[in-house]
Amino acid sequence: MAGSLVGGLIADGWNPSSIRVSDTDNRQLQRLSQRFPIMTTTDNNSAVAGADVIVLAVKPQVMESVAQALADSVSKQQPLVISIAAGISEFALRHWLGEKIAIVRCMPNTPAMVQSGATAMYANPHVSDDQRSVAESILRAVGIVIWLDDEAMMDAVTALSGSGPAYIFMFIEALQAAGRELGFSEKTAYLLALQTAFGAAKMALESEEDATLLRQRVTSPGGTTERAINTLDEGGFKELVSKAVRAAAERSRELSKEFGSTK
């Protein structure tokens, strides 16, 4: 995700010399420096020295140790801190970094890797209007951005758009398998399923109408699509999707308690 952000920012016109990346993995740093003319280091405090914005793109399991090690630098500089670690609450980040630190929590998804992500963001009261604009410009470099008024909605975001690409991939898998059963080669079935998913998403994005109306327009009475849709309905398709998303939201809440505890 960090590499996606770097690439998106540079493509969006940000000066590469203003971007510094820190990682414990020298091989990862080497790959990044080969792709982008940025400064890399294995020292987090060196990376954040003098920074106006710090992006914490680390695993939830290590966020506490990373944040606490940066607390002194953050306290002195008072930068905007952007966290993209799933399940780590603003309260926990503030506890580790300092009570008056400007913090933006965000939840991007993996299509950010191709500048087509969807990111939900939540700002604590210490974030100024200018800092909100900066945070939004950073995440908009890899896709669309929405702001949340209630941080508790992050679990729902994680379940819907954070995990969502996997649901779409699974549906593409199912279409591909059905195509093979109908006699297509694996490659042909995959291309047809993939382009169909892409085309449908592109139509929905570019249309002023919602998905329900778009589906109805494709579904002619008595036709092939209607029979397929009826079969999905009989199988409880919508109810199963709802159950899956709710399960993901519940797991997100569990992970928040597991990794975001300040005790």
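Residues numbered from 1 in each chain as written. Predicted model: local features only at pLDDT ≥ 70, side-chain atom pairs only at ≥ 80, totals over all residues. Heavy atoms only, no water.

Enquirer: A description of the environment of Ile172 should follow, citing residues and the corresponding values.
Expert: Among the secondary structure elements, Ile172 is positioned in helix H8 (residues 164–181). Each C-alpha atom, one on Ile172 and one on Tyr190, is 7.8 Å from the other, the two residues being 18 residues apart in sequence. (Helix = DSSP H or I, 4+ residues; strand = E, 2+ residues; numbered from the N terminus.)

Enquirer: Explain a nonpolar patch on the surface to me, using residue names and the numbers behind them.
Expert: Taken together, the side chains of Phe171, Leu175, Leu232, Phe237 and Val241 define a hydrophobic patch exposed on the protein surface, amounting to about 380 Å² of accessible area. Within the residue set of the nonpolar patch, elements represented by two or more residues are H8 and helix H12 (237–259). Structurally, the position occupied by Leu232 is in helix H11 (residues 224–234). Judged by relative accessible area, which is 33%, Leu232 ranks as partly exposed. (Patch = residues over 30% accessible without salt bridge, like charges linked within 9 Å, V, L, I, M, F, W, Y side chains within 5 Å. Areas by Shrake-Rupley, 256 points an atom, 1.4 Å probe, with all protein chains shown as cover. Salt bridge = Lys/Arg side-chain N within 4 Å of Asp/Glu carboxyl O. Buried < 20%, exposed > 50% of the residue type's maximum accessible area, 1.4 Å probe, protein only.)

Enquirer: Break down the pairing of strand S3 (residues 53–56) for me, with residues and values.
Expert: Only one face of S3 is buried: it carries Ile54 and Leu56, and the other face, with Val53 and Val55, is open. As paired elements, S3 and strand S4 (residues 80–83) share four bridges and run parallel to each other. Within S4, the position partnered with Val53 by the bridge is Leu80. Following the backbone out of S3, through helix H4 (residues 60–77) and into the adjacent parallel S4, one traces a crossover that is right-handed. (Pairing = 2+ DSSP bridges. Right-handed = clockwise from strand over helix to strand, strands pointing away.)

Enquirer: A description of the packing of H8 against helix H9 (residues 186–206) should follow, citing residues and the corresponding values.
Expert: Two elements in contact, H8 and H9, have axes separated by 8 Å at closest approach and are oriented at 140 degrees. Here H8 lies oblique to H9, going by the angle between them. The handedness of the crossing between H8 and H9 comes out as right-handed. Mapping the contact onto sequence places Ile172, Leu175, Gln176, Gly179 and Arg180 in H8 and Glu186, Ala189, Tyr190, Ala193, Leu194 and Ala197 in H9. (Axes fitted to C-alpha atoms, helices over the stretch in contact; angles between N-to-C directions. Parallel < 35°, antiparallel > 145°, perpendicular 65-115°, else oblique. Left-handed = near helix turned anticlockwise from the far one by under 90°. Contact = heavy atoms within 4.5 Å.)

Enquirer: Give me the lowdown on the nonpolar core, citing residues and values where you can.
Expert: In this structure, Val21, Ile38, Leu80, Ile82, Val104, Met121 and Leu139 are the most contacted members of the largest nonpolar core, which totals 25 residues. Put simply, the parts of the chain that give this core at least two residues each are helix H1 (2–11), helix H2 (26–35), S4, strand S5 (102–107), strand S6 (117–123) and helix H6 (129–140). The contact partners of Leu139, leaving out residues within four places of it in the chain, are Leu5, Ile82, Cys106, Thr119, Met121 and Val145. Counting residues in hydrophobic clusters, the runner-up holds 18 residues, among them Val48, Met63, Ala92 and Ile103. (Core = buried A, V, L, I, M, F, W, Y, C linked by side-chain atoms within 4.5 Å.)

Enquirer: An account of the pattern of salt bridges is needed here, citing residue identities and associated values.
Expert: Scanning the model with the defined rule gives eight salt bridges in all. Linking Glu151 and Arg105 is a salt bridge whose minimum nitrogen-to-oxygen distance equals 2.9 Å. Separated by 46 residues along the polypeptide, Glu151 in the loop between strand S7 (143–147) and helix H7 (154–162) and Arg105 in strand S5 bring together distant segments of the chain. Given a relative accessible area of 17%, Glu151 falls into the buried group. Owing to a relative accessible area of 7%, Arg105 belongs among the buried residues under this scheme. Among the ionic contacts, a cluster of salt bridges with common partners joins Glu90, Arg94 and Glu99.

Enquirer: Could you give an account of the environment of Ile10, with specific residues and numbers?
Expert: With respect to the helices and strands, the residue Ile10 is situated in helix H1. Taking C-alpha positions, Ile10 is 46 Å from Ser220, a pair spaced 210 residues apart along the chain. In this structure, Ile10 is in contact with Pro16, Ile19, Phe36 and Ile38, ignoring residues within four places of it in sequence.

Enquirer: Tell me about the environment of Met154, and name the residues and values.
Expert: Looking at the secondary structure, you find Met154 in helix H7. The buried category is assigned to Met154, whose relative accessible area is 2%. C-alpha separation for the pair Met154 and Gln61, spaced 93 residues apart in sequence, amounts to 18 Å. Residues within four places of Met154 in sequence aside, it is in contact with Arg105, Cys106, Met107, Ala120, Met121, Tyr122 and Leu148.

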